[in-house]
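Overview (structure and organization)
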Amino acid sequence: PVPPVGSINEAETVYMTWLHQLSKVLILSCGAAYSTSHVAPSGTQQSLAATVGMQYTFSDTITGTARYSYLNRSSDTAGQSFYQNVFLVGLSKSF
């Protein structure tokens with residue numbers, strides 16, 4: 001049987017993450033992933049993602065975060081390739 005249009009016949013993904021406490025109040029995190037997949041009948045898609053972030057503890061109840069993420073997907077299918085850059089900054093308070 002023929003799979004539906006846009007279905008993935010096979011995919012492979014590799015990823016890694018790293019977390020390091022730089023001090024009592026500062027944590028650094030990093031990650032990366034690479035994926036390739038064959039999409040019937042259109043061809044191959046490849047994705048690369050990377051992220052780096054920091055978490056800072058201001059007090060027992062207040063934490064700040066900053067994160068940058070990058071995603072790049074290339075595809076044999078017209079209109080399916082894209083990239084994005086995302087910056088996130090947050091502040092959280094627990095009660």
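Right, let's walk through the structure included here. The numbers attached to residues start from 1 for each chain and follow its sequence in the written order. Only residues with pLDDT of at least 70 get local features here, since the model is predicted, and only at 80 or more are side-chain atom pairs given and counted; chain-wide, interface and lining totals rely on the full set of residues. Computation of side-chain values: all heavy atoms of the structure, hydrogens and water removed.

It is worth spelling out the packing of aromatic side chains at this point. For Phe, Tyr and Trp, where Trp contributes only its six-membered ring, two rings pair if their centres lie within 6.5 Å, and the inter-plane angle classes them as stacked under 30 degrees, edge-to-face over 60, or tilted in between. Tallying each qualifying case throughout the model produces two aromatic pairs. Taking the centre distance of 4.8 Å and the plane angle of 65 degrees together, the rings of Y56 and F58 count as edge-to-face. The partly exposed category is assigned to Y56, whose relative accessible area is 35%. Plain terms: the ring middles of Y68 and F87 are 4.8 Å apart, the flat faces sit at 40 degrees to each other, and that makes the pair tilted. In this pair, Y68 sits in strand β4 (residues 62-75) while F87 sits in strand β5 (residues 82-93), placing the two residues 19 residues apart along the sequence. Classification of residues uses two cut-offs on accessible area relative to the type maximum, computed with a 1.4 Å probe and protein chains only: under 20% is buried, over 50% is exposed, and between them is partly exposed. The exposure class assigned to Y68 is partly exposed, which follows from its relative accessible area of 27%. Between the NZ or CZ atom of K93 and the centre of the ring of F95, over which it lies, the distance is 5.3 Å. By definition, any uninterrupted DSSP run of H or I lasting at least four residues is a helix, any uninterrupted run of E lasting at least two residues is a strand, and each is numbered from the N terminus. Charge-over-ring placement is defined geometrically: NZ (Lys) or CZ (Arg) within 6 Å of the ring centre, and within 35 degrees of the ring normal.

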